[in-house]
Amino acid sequence: MLTSFVRVIKFAFQGFWRNIWLSIINITILVLTLFIINFLIGFNLLADNAIQVVNEKVDVGLYFQQNVSSEKITEIKNKIAESYYIKDVIYVSSEDALSDFEERHASDEDIISALNELKNDDGQIFSASLKIKAKDMAMYDDILDELKNSQYRDLFEIDEMEFQDYSRMTNRLYDISNRVKLIGYVISLIFIMIALMMVYNTIKIATYTHREEIGIMKLVGATDNFIKIPFLVEILMYNLIALIVVVILFYTFLSIVSPFINKLFTDYPFDIIAYFNHNFILIFLGQFIIMALFSVISSSIAIKKFIKV
Amino acid sequence: MIKITNLSKFYKPNVWALNKVSLNIKSGEFVSIVGQSGTGKTTLVKMIIADESPTEGLLEIGGWDITNIRSYEIPYLRRQIGVVFQDYKLLPKKNVYENVGFALESCGVKRERIEKIVPQILKIVGLQNKMDRYPYQLSGGEQQRTAIARSLVHQPKLLIADEPTGNLDSINSREIIDLLLKINDFDTTVIMVSHNRDIINSLSKRVVTMDDGKIISDQIKGRYIL
């Protein structure tokens, strides 16, 4: 048993080296396929993160009239928060709004002096407001409907400009992301098909090259598995080498692009390398298993057809 | 040893390569099968080694019904049958030792055993001093002896030689026939398919003559009658 196992591995290595250029071409195609798949995974991650960042920034503002008391606003806040669509409601008092504004423009004397002139008798200028965040971007329309039909509608103004701007941005992001994903899926599919056809043809060529040996092996009583398994091991070797090359290339690629990606997400900690590190087994082992499985099926069909075992 | 009953093989569109052939071969016999090209000799050999399946009839080897042999059983049948062809079927990139050892390697035999058996077999066929030679460095007769050595590594009870002297001159042919007779003396059943009238006539062994997919003559000490 051990002798046969060692011999099968030996024959697989012989097959690999005897057709080294064919092996290199196969590995190259598999590397390209796996690289594109990983690129797509990285891109999906980036797009999802970008959309999430934009979503985080979106809210709908309710600006109350000066005469509405803070107790009333709190009551309205609690009422609104009961809605299924709402994730969070933040109360910003007129004092908080003012101090926030002053803080942000502390270095601009013109704005601060203009602000002081506009203040009313109580020293206030801004209305108290509620910042409403939805559980999901798609729920803002329902929230706006609820607010427009609210019993307190005449106590506040709805500022949906920010939401509309972000909504447009998110839709564009979705749109771009979906297009790139679609192109990525199509390219991946094409490369997977090419890789499988290459594997099939490699077996076809290998069986043709080894036809004398295979014929003699069959003649002298070698079992079908003894003839078949070296070819399958050879195909698995292609997959394994391709995986190792892809891991090296893809991590090199990530280390080059990650500083640029990090600049895009300055306020939100996002480390694409850490993501791949954390999911290394799932991503790369998963890819190896799936590709190896398809390759083995493809080569088994070729073996059955060309050497009738 | 071999029991063949009403064995037929039909090829589309309308060729009966074998037509109700019946033949019994006893253990230890030396049987020559003769006949012109296309009379079904090679088809019969292919069926004995389970390279072709019969259309109808029964074929038993050592009590083993191989008419409906399962594909996973074929390797085990072939380990019990040595086969030699006219074109030797040697691997050009392997030397004599490796060509013979390859048959054992392919069947999972351990290296130590291969190292023991192969020199013994090569001694029997007289190639003990040419183990390192490659096929292109050998004469036709030596190549055929290498092929015979390879067919003997499993110590088969049956040796089938399909036109073993077809590519050889008369001296080399004689050597190969002598070797087959020697193997037969070790109680191995030998079936030889041949066109060589002189050799068949010199053997004084059983001769089965085929024509048009049928056995037309079966003589205990026969001659080439066509």
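Residues numbered from 1 in each chain as written. Chains lettered and ligands numbered in written order. Predicted model: local features only at pLDDT ≥ 70, side-chain atom pairs only at ≥ 80, totals over all residues.

Now for the overall build of chain B. From N to C terminus, chain B includes seven helices and 10 strands. Its C-alpha atoms give chain B a radius of gyration of 17 Å, within 12% of the compact-globule value 17 Å for 226 residues. Projected onto its principal axes, the C-alpha coordinates of chain B cover approximately 45 × 40 × 35 Å. Counting across all 226 residues of chain B, residues that qualify as buried make up 43%. (Helix = DSSP H or I, 4+ residues; strand = E, 2+ residues; numbered from the N terminus. Rg over C-alpha atoms; globule rule 2.2 N^0.38 Å. Buried ≥ 20, exposed ≤ 12 C-beta atoms within 10 Å, placed from the backbone.)

Of regular secondary structure, chain A possesses 11 helices and four strands. A compact globule built from 309 residues should have a C-alpha radius of gyration of about 19 Å, whereas chain A, at 32 Å, is more than 25% larger. Projected onto its principal axes, the C-alpha positions of chain A cover 105 × 40 × 35 Å. The buried share of chain A, taken over its 309 residues, is 25%. In chain A, the proportion of contacts linking residues at least 24 apart, taken out of those at least 6 apart, comes to 86%. (Contact = placed C-beta atoms within 7 Å.)

Time to look at the domain arrangement of chain B. Put simply, an interface is often sized by how much accessible area is lost when its parts join up. Residues and elements named next belong to chain B. The domain boundaries assigned to chain B delineate domain 1 (1–80 + 156–226) and domain 2 (90–155). If you look at the interface, domain 1 gives 12 residues, while domain 2 gives 12 residues. Looking at which element gives the most residues to the side of domain 1 that touches domain 2, the answer is helix α6 (residues 170–185), with five residues. Of the residues belonging to the side of domain 1 that touches domain 2, the class tally is seven nonpolar, three polar and two charged. (Domains from an automatic or database assignment. Nonpolar A, V, L, I, M, F, W, Y, C, P; charged D, E, K, R; others polar.)

A word on the environment of Ile-25 of chain B. All names here are of chain B. Mapped onto the elements of the fold, Ile-25 is located in strand β2 (residues 15–25). For the pair formed by Ile-25 and Ser-194, sequence separation is 169 residues and the distance between their alpha carbons is 17 Å. The residues touching Ile-25, leaving out its near neighbours within four places in the chain, are Met-1, Ile-2, Val-31, Thr-189 and Ile-191.

Let's shift gears to the domain arrangement of chain A. Assigned domains of chain A: these are domain 1 (2–54 + 169–306) and domain 2 (59–161). When each unit is reduced to the centre of its C-alpha atoms, the spacing between domain 1 of chain A and domain 2 of chain A is 54 Å.

On to the packing of helix α2 (residues 20–57) of chain A against helix α9 (residues 224–264) of chain A, then. Residues and elements named next belong to chain A. Between α2 and α9, the shortest axis-to-axis distance is 8 Å and the interhelical angle comes to 40°. Comparing their axes, α9 and α2 come out oblique. As α2 packs across α9, the resulting crossing turns out to be right-handed. When α2 is examined against α9, the residues Ser-23, Asn-26, Ile-27, Leu-30, Val-31, Leu-34, Phe-35, Asn-38 and Leu-46 are found in contact with a partner set consisting of Tyr-238, Asn-239, Ile-241, Ala-242, Leu-243, Val-245, Val-246, Leu-249, Phe-250 and Ile-261. Among the residues forming the contact of α2 with α9, the class breakdown is 15 nonpolar, four polar and no charged. (Axes fitted to C-alpha atoms, helices over the stretch in contact; angles between N-to-C directions. Parallel < 35°, antiparallel > 145°, perpendicular 65-115°, else oblique. Left-handed = near helix turned anticlockwise from the far one by under 90°.)

Bringing the pairing of strand β9 (residues 206–211) of chain B into the picture now. Residues and elements named next belong to chain B. In the sheet, strand β3 (residues 30–34) pairs with β9 via four bridges, with the strands oriented parallel. Bridge assignment links Ile-33 to a residue of β9, and that residue is Val-208. Between β9 and strand β10 (residues 214–219), which follow one another and run antiparallel, lie two residues, and Asp-212 among them has a positive phi close to 50°. (Pairing = 2+ DSSP bridges.)

Take the pairing of strand β3 (residues 129–134) of chain A next. Side-chain positions along a regular strand alternate between the two faces of the sheet. Residues and elements named next belong to chain A. With four bridges joining them, strand β1 (residues 60–64) and β3 adopt antiparallel strand pairing. By the bridge assignment, Tyr-63 is partnered in β3 with Ser-129. As paired strands, strand β2 (residues 86–92) and β3 are joined by six bridges and run antiparallel to one another. Bridged to Val-89 within β3 is Ile-132.

This next bit is on the sheet that holds β3 of chain A. Residue and element names in this part refer to chain A. An order of β2-β3-β1-β4 is seen for the four strands of this open sheet, with the pairing classed as antiparallel. With partners counted over all chains shown, the strands left at the sheet margins are β2 and β4 (156–159), one partner each. The average angle at which neighbouring strand axes cross in this sheet is 20°, direction not considered. Across the sheet, helix α6 (residues 140–148) lies against β1, β2, β3 and β4, angled at about 20° from β1, the strand it touches most.

Before going further, it helps to spend a moment on the confidence of the model for chain B. Overall, the predicted model of chain B reaches an average pLDDT of 92, with 100% of residues at or above 70. Here the predicted complex scores 0.70 on pTM and 0.82 on ipTM. (pLDDT = per-residue confidence, 0-100.)

Quick look at the sheet that holds strand β1 (residues 2–11) of chain B now. Residues and elements named next belong to chain B. Spatial strand order, β2-β1-β4-β5: four strands in an open sheet with antiparallel pairing. Here the strands that pair on one side only, and so sit at the sheet edges, are β2 and β5 (64–65). Bridge count for strand β4 (residues 56–61) against β5 is two bridges, and the pairing is antiparallel. Bridge pairing in β5 places Glu-60 opposite Asp-65.

Glancing now at unusual backbone geometry. Residues and elements named next belong to chain B. Here the residue pair Lys-12 and Pro-13 is connected by a cis peptide bond, since its omega of 5° sits within 30 degrees of zero. Mapped onto the secondary structure, Pro-13 falls in the loop between β1 and β2. The phi dihedral of Asp-187 is positive, around 75°, even though this residue is not glycine. By secondary structure assignment, the location of Asp-187 is in the loop between α6 and β8 (189–194). The exposure class assigned to Asp-187 is exposed, which follows from the 9 C-beta atoms found within 10 Å.

All names here are of chain B. Packing of helix α3 (residues 96–105) against helix α5 (residues 140–152) leaves a shortest axis separation of 8 Å and a crossing angle of 30°. One way to sum up the angle between α3 and α5 is to call them roughly parallel. Our pair here, α3 against α5, has a crossing hand that is right-handed. Side by side, α3 and α5 meet where Val-96, Asn-99, Val-100 and Ala-103 of the first sit next to Thr-146, Ala-149 and Arg-150 of the second. For the contact of α3 with α5, a count of residues per class yields four nonpolar, two polar and one charged.

Contacts between the two partners involve 15 residues from chain A and, on the opposite side, 18 residues from chain B. Where the side of chain A that touches chain B is concerned, the elements lending two or more residues are α1 (2–18), α8 (211–219) and α9 of chain A. For the side of chain A that touches chain B, a count of residues per class yields six nonpolar, five polar and four charged.

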